[in-house]
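What follows is each chain in one-letter form.
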Amino acid sequence: MSCELSSLTSVTPPPDRLTAVDLLFTAPELARLLRHALRDEDWLDAYLLAVGLTQMVEDGLQPDPMQLFRAAEHLRHTESPAIRAAGRVAHAAAAGMSAPVAAMRRQRVRRLRTHLATATLALAHTVVDHLHRPPSLPAELDRSLDEVVHLAPDVLRVPSCFRSFDQHPDDMVELARRFLERSDSSPRVCVVGVRTSGSYLAPLLAASLEQRGGPDVDVTSHRPGRPWERTEASTLRKAAAEGATILVVDDPPVTGGAISETVRAVLALGVPRHRVVVAAALAGAMPPPALASLPGVYLPWTRWSVHHRLTRRAVADALAEMLGPGHHVVASGPRRLPGDNRARVRARFSVTVSTESGTSRRELLVEGAGLGYFGRHAVAVATPLGSHVPRIYGVVDGLLYRDWAPGSEISGDALALAESVAGYVADRARALRVPHDRSAHLRGRGTSASAAALLLGSMFGRLAPLGRYVLLDRITRGLLRTESPSVPDGQTHTRYWRRSSPTGPAHKVHFHQQSFSNLEMTCYDSVFDLAGAALDCRDDEFERTLRRSYTARTGEVVDDERWLLYRLALLWRLGRTGEIAPSVTAVRSAAAVHSYLSAVVPAPRSAVRPAGPLCAVDLDGVLETSPLGYPCTTPLGAVCLRALTAHGYRPVPVTGRCLDDVIDLCRRFGLAGGVAEYGTVVYDATGDRWTDLRSAAAVAAVDRARAFLREFGGVEIDERYRFAVRARSAHGPLPADLTAGVTAATDGAVRAVRGQSQTDFVPREIGKASGLRRLTDSLETRVALAVGDSDEDLSMLALAEVRRAPRNASDSVRRSGVAISRYAYQAGLADACTDLLGHRPGACRVCAPARIPARTVVLCRVLGLRENGLRGLAPRTGRLALTLALRRWDSPGGGSTSSR
């Protein structure tokens, strides 16, 4: 006899357990929740809440005036001695400005700080005690919690150890045991937690040491990049004077940078080096090299306590408890699956559930979710999402139990998937709506707006930190502001969807892991999820369907500024985590910028005029530049293309870049065609066809060059180049001897073109001029204008009636007699277009772009900061600052102005 598990609906925690959608609590909210947890004797949640509030108190005593500590941290790690010196000055200024503020706050929260420290350690003793004996709490704790009103506005910092990693108090017990086995353990210990995670781990480690009969223990914490708070420094100096061992604890280190910086800060107080010991659980077997020289007590990944909770018996007992009396569970497995990231478990089990009415079988996934209320966040998210996500049973001891979602990644009907994704994002936004967007309180912490500012900050070169803090942080926060805040998913890429049958509904997996995690860019805008879904599919129709369907379901129009900034931030995150290669990040980021510019500066309706003369434009250094870290054009570049087209000319890219780049540019900006890979291939957009101009001998020579380079392990060959060869070494261009070897291997049939970051190999008889001639013949026209900046452009320039070069042109171009503009890059291109048209691009009714919202003007001015190189940065920054001061720009549709 068998029965279905239809009665086993999502098992939610009792109503008195803290189950929160939004984890970024304010201090008053933490105080209220702490009172409730203490009343209900929920000691684990009470501990987590007390530590969170303690950390907010400690951070409040180390304010960062005007974000100077944050700026100093970036400046002090640059290569320039002058900028490092500026970083030291900024750090000293921040320390001086924060001292009186800290003194005032210290007086106001003195009782709160003292009672929280006592309560936190008492609760830690209860949490690590296997009998969970009630803590002995300060009698004045409840009254002192009223002092939270004196704290600066802030929100909780979610600890990676108990949210993103599967760490557990039992791991601190084991670390304490390992430390006490050391023969050199001293009679006194001071545990220093590296904030944020270390603040949660240090009291647990201290309580574990004391309960095992260890030495007297003090507890303090340190935030890297900030000076010691007076009380913390006093505690450490006193401990050092008494010969104490300083235990520095943090979550699993990747590089070990935060721990190393804290160790240096400890040593700076006069603590002997041999008295400092690192204590940490590891995501692997060995600590990172940065920690190799330090004494350490480590817990390898295989020894973490979470593995004991993934046995068949443990899973069966936990599920039976969740299902309630009368359910007998037998589990088989586990089948271990790749984790979400380091230090996170996922395992598949087959379970048989027996009741009086029969038995049933189920495939179950057990995965790390987080400890206490951090883990129950998964339940809070899944419950209102219903059928969008697999059925869940609950969270026990940091592990989420849910149905296994059968099926593989969805492929095939991309547009149907786009509709499903848009439906999920819209429904999630409604179901997980929250009253406030709390990312505004996260200055200096990881948000989508700060990530966007970081990426745009490269426009300012070495002054990027200054540009971010003075201008870009404000701009990105304004452009990404949402009026309907909700808690987004953060992992909506198409690879996170499953369909059990070809016609069945799509289910979202990985629905809770990313929000408030160590890898998340905190955001309260559902459009962030929509943009994430577009990253895996480079189909423009998929993207349009996503946005159109979302708007139909919500009534909210997705503006182009948010769409671009979210796409760039998400691509950066994928590249940072290694999910996509850096080269892929660059290509997709450039495509996102071009998609934006082609939307806000659209081509004229008569985009391709069959009879118009050509305007040959080089890409690198003319139409496109790389201040963002990848080559792309700018607003002025897009205006130039539009102006030329509107006046009857046909701009065509003539470049050494690959064919795919040329085709993408033509499609986005309505261009007639182009020449790619140094003239080896031409593209005709009218018929959407390309032609290989190489002879059979040239094809063979290119193949020999590619095969020769493949023999060298340190050489990266760009596979997007099919008609020429683009290769890089670890340091950029290939060394001279290797370049000569390629030429010899092909009997001189290829020539080398050395660039700033690569070396290209091209058939000797082919150049840009031969490709441009072929395109000119194919389109039955002439070349009215050519603009180039490099030696390879000389032959192309010779074919044009009007020949121009920007200020950044090479010496050979300057000596050739070509007229040189006094402007660089896109500004130089605009100068050349002025000579041809008789007016600045976009300055007449024929070629002027349509009026655009003020928010679009702001972002376009940011993207155009380097259109005239570094020489033009200061005046363009001034124009940007003036726009910010004089116009309302930070709301969708806010204000309009001319795009010129």
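So, how was this worked out
- Residues numbered from 1 in each chain as written.
- Predicted model: local features only at pLDDT ≥ 70, side-chain atom pairs only at ≥ 80, totals over all residues.
- Heavy atoms only, no water.
- Helix = DSSP H or I, 4+ residues; strand = E, 2+ residues; numbered from the N terminus.
- Rg over C-alpha atoms; globule rule 2.2 N^0.38 Å.
- Buried < 20%, exposed > 50% of the residue type's maximum accessible area, 1.4 Å probe, protein only.
- Contact = heavy atoms within 4.5 Å.
- Lys, Arg positive; Asp, Glu negative; His and termini not counted.
- Charge placed at Lys NZ, Arg CZ, Asp CG, Glu CD.
- Expected span 1.5 Å × (residues − 1).
- Phe/Tyr/Trp six-rings, centres within 6.5 Å; stacked < 30°, edge-to-face > 60°.
- Lys NZ or Arg CZ within 6 Å of the ring centre and 35° of its normal.
- Axes fitted to C-alpha atoms, helices over the stretch in contact; angles between N-to-C directions.
- Parallel < 35°, antiparallel > 145°, perpendicular 65-115°, else oblique.
- Left-handed = near helix turned anticlockwise from the far one by under 90°.
- Nonpolar A, V, L, I, M, F, W, Y, C, P; charged D, E, K, R; others polar.
- Pairing = 2+ DSSP bridges.
- Core = buried A, V, L, I, M, F, W, Y, C linked by side-chain atoms within 4.5 Å.
- 1 Å grid on protein atoms, 1.4 Å probe; cavity = no way out; pocket = protein on both sides within 12 Å on 5 of 7 lines; lining within 4 Å.
- Points joined across faces, edges and corners; volume = space filled by probe spheres on them.
- Salt bridge = Lys/Arg side-chain N within 4 Å of Asp/Glu carboxyl O.
- Polar contact = N/O pair within 3.5 Å; in protein donor to acceptor, adjacent residues only side chain to side chain.

### Regarding the overall build of the protein chain
Argument step 1. Looking only at helices and strands, the protein chain has 30 helices and 26 strands in total.
Argument step 2. What you see for the protein chain is a C-alpha radius of gyration of 31 Å, in line with the 29 Å of a compact globule of 900 residues.
Argument step 3. Counting the 900 residues in the protein chain, one finds 59% classified as buried.
Argument step 4. Counting contacts in the protein chain only where the partners sit at least 6 residues apart, residues at least 24 apart contribute 70% of the total.
Argument step 5. Across the protein chain, 113 positive and 94 negative side-chain charges occur, with their mean positions spaced 4 Å apart.

### What to know about helix α8 (residues 169-180)
Residues separated by three or four positions in an α-helix point in the same direction, a consequence of the helix having 3.6 residues per turn.
Argument step 1. The end-to-end C-alpha distance of α8 is 17 Å, a good match for the 16 Å that 12 residues give at a rise of 1.5 Å each.
Argument step 2. Looking at α8, one finds that the buried residues are P169, D171, M172, E174, L175, A176 and F179.

### Digging into the packing of aromatic side chains
Argument step 1. This structure, assessed with the given rule, holds nine aromatic pairs.
Argument step 2. Each ring, one from Y373 and one from F374, has its centre 4.3 Å from the other, and the planes form 35 degrees; the classification is tilted. The pair formed by Y373 and F374 is uniform in burial state, with each residue classed as buried.
Argument step 3. Centre to centre, the rings of F528 and Y566 are 5.4 Å apart; their planes meet at 80 degrees, and the pair counts as edge-to-face. Here F528 is found in helix α17 (residues 526-533), whereas its partner Y566 is found in helix α19 (residues 560-576), with 38 residues between them in sequence.
Argument step 4. Here the aromatic cluster, defined as three or more aromatic residues joined through ring pairs, consists of F25, F162, Y200, Y373 and F374.
Argument step 5. Seen from the ring of W563, R547 lies directly overhead, with NZ or CZ sitting 4.9 Å from the centre.

### Section: the packing of α17 against helix α18 (residues 540-554)
Argument step 1. Packing of α17 against α18 leaves a shortest axis separation of 10 Å and a crossing angle of 155 degrees. Relative to α18, α17 is oriented roughly antiparallel. In this structure, the crossing between α17 and α18 has a hand that is right-handed. Contacts from S526, V527, L530 and A533 in α17 reach F542, L546, R547 and Y550 in α18.
Argument step 2. Residue composition of the contact of α17 with α18, by class: six nonpolar, one polar and one charged.

### With respect to unusual backbone geometry
Argument step 1. That bond from R195 to T196 is cis: its omega, 20 degrees, falls within 30 degrees of zero.
Argument step 2. Within the secondary structure layout, T196 lies in the loop between β1 (188-194) and α9 (197-211).
Argument step 3. Of note, the amide linkage connecting G333 to P334 takes the cis form, showing an omega dihedral of 0 degrees.
Argument step 4. Within the secondary structure layout, P334 lies in strand β6 (residues 328-336).
Argument step 5. Phi is positive for D688, close to 50 degrees, though the residue is something other than glycine.
Argument step 6. Secondary-structure assignment places D688 in the loop between β16 (681-684) and β17 (689-692).

### A word on the sheet that holds strand β24 (residues 819-820)
Argument step 1. Read from one edge of the open sheet, five strands run β14-β13-β22-β23-β24, paired in parallel fashion. Lying at the two open borders of the sheet, with one neighbouring strand each, are β14 (650-653) and β24.
Argument step 2. Here helix α28 (residues 825-837) sits on the sheet and contacts β13 (614-617), β22 (783-787) and β23 (802-805); the angle it forms with β22, its principal contact strand, is near 155 degrees.

### Here's the deal with the nonpolar core
Within soluble globular proteins, side chains that are nonpolar tend to cluster in buried spots.
Argument step 1. Ranked by internal contacts, the top residues of the largest apolar core, which has 209 residues, are V191 and Y373.
Argument step 2. The dominant element in this core, judged by the number of residues it contributes, is helix α2 (residues 43-60), at 10 residues.
Argument step 3. Residues W228, V248, V271 and L294 belong to the second largest nonpolar core, which totals 24 residues.

### Remarks on empty space enclosed by the protein
The rolling of a water-molecule-sized probe over the atoms marks out the regions of remaining empty space.
Argument step 1. Under the definition given, this model contains three cavities of 30 Å³ or more.
Argument step 2. Considering only enclosed or pocket space, the largest cavity measures out at about 50 Å³ in volume.
Argument step 3. Looking at the lining of the largest cavity residue by residue, the classes come out as five nonpolar, four polar and four charged.

### Things to note about helix α5 (residues 110-128)
Argument step 1. In this model, α5 (19 residues) spans 28 Å end to end at C-alpha, consistent with the 27 Å of a helix rising 1.5 Å per residue.
Argument step 2. Turning to α5, its buried residues number three or more, namely L112, R113, H115, L116, A119, T120, A122, L123, A124, T126, V127 and V128.
Argument step 3. Each element contacted by the buried residues of α5 is listed here: α1 (27-39), α2, α6 (141-144), α8, α9 and α10 (230-241).

### A short note on the sheet that holds strand β20 (residues 750-754)
Paired through backbone hydrogen bonds, the strands of a sheet run either parallel or antiparallel to each other.
Argument step 1. Spatially, β18-β19-β21-β20 is the arrangement adopted by the four strands of the open sheet, whose pairing is antiparallel. Edge positions in the sheet fall to β18 (716-717) and β20, since each of these pairs with one other strand and no more.
Argument step 2. Examined bridge by bridge, β20 and strand β21 (residues 759-763) share five bridges and lie antiparallel to one another. Directly across from R754, in β21, lies its bridge partner T759.
Argument step 3. Running at roughly 20 degrees to strand β19 (residues 725-728), helix α23 (residues 696-710) makes contact with β18, β19, β20 and β21 of the sheet.

### Overview of the pairing of β23
On a regular strand, each side chain points to the face opposite its neighbour's, so the side chains alternate between the two faces of the sheet.
Argument step 1. Taken together, the three bridges between β22 and β23 define a ladder with parallel strand orientation. Opposite L785, over in β23, you have V802 as the bridge partner.
Argument step 2. As judged from the two bridges shared by β23 and β24, these two strands associate in the parallel manner. When the sheet's bridge partners are listed, A805 is paired in β24 with I820.

### Remarks on the packing of α8 against α9
Argument step 1. The N-to-C vectors of α8 and α9 enclose an angle of 55 degrees; their axes lie 8 Å apart at closest approach. In terms of orientation, α8 lies oblique with respect to α9. Handedness of the crossing formed by α8 with α9: right-handed. Residue-level contacts link P169, M172, V173, L175, A176, F179 and L180 of α8 to L201, L204, L205, S208 and L209 of α9.
Argument step 2. For the contact of α8 with α9, a count of residues per class yields 11 nonpolar, one polar and no charged.

### Quick look at the pattern of salt bridges
Argument step 1. According to the stated counting rule, one finds 64 salt bridges in the structure shown.
Argument step 2. Put simply, D59 and R195 hold a salt bridge, and the shortest N to O gap is 3.1 Å. Taken together, the positions of D59 in helix α2 and R195 in the loop between β1 and α9 put the pair 136 residues apart, joining distant regions of the chain. The exposure classification of D59 matches that of R195, with both residues buried.
Argument step 3. One salt bridge connects E579 with R495, and the closest N-O pair in it is separated by 2.6 Å. In this pair, E579 is assigned in the loop between α19 and α20 (582-600) and R495 in the loop between α16 (464-479) and β11 (497-499), connecting sequence segments 84 residues apart.
Argument step 4. Among the charged side chains, a salt-bridge network with shared partners connects D620, E624, R657, D661, D718, R720 and R728.

### Notes on the environment of S136
Argument step 1. Here S136 shows up in the loop between α5 and α6.
Argument step 2. Taking the C-alpha atoms as reference points, S136 and H125, 11 residues apart in sequence, are found 9.7 Å from one another.

### Points about the side chain of E561
Argument step 1. With respect to the helices, strands and loops of the structure, E561 is situated in helix α19.
Argument step 2. The exposure class of E561 is buried, given its relative accessible area of 3%.
Argument step 3. Only 2.6 Å separates the side chain of E561 from the side chain of Y596, close enough to count as a polar contact.
Argument step 4. A polar contact of 2.8 Å, which involves the side chain of E561, links it to the side chain of T856.

### Overview of the pairing of β22
Argument step 1. In terms of burial, β22 is largely enclosed, as five of its five residues are buried.
Argument step 2. The sheet contact formed by β13 and β22 spans four bridges and is parallel. Residue pairing for β22: L614 is matched across the bridge by V783.

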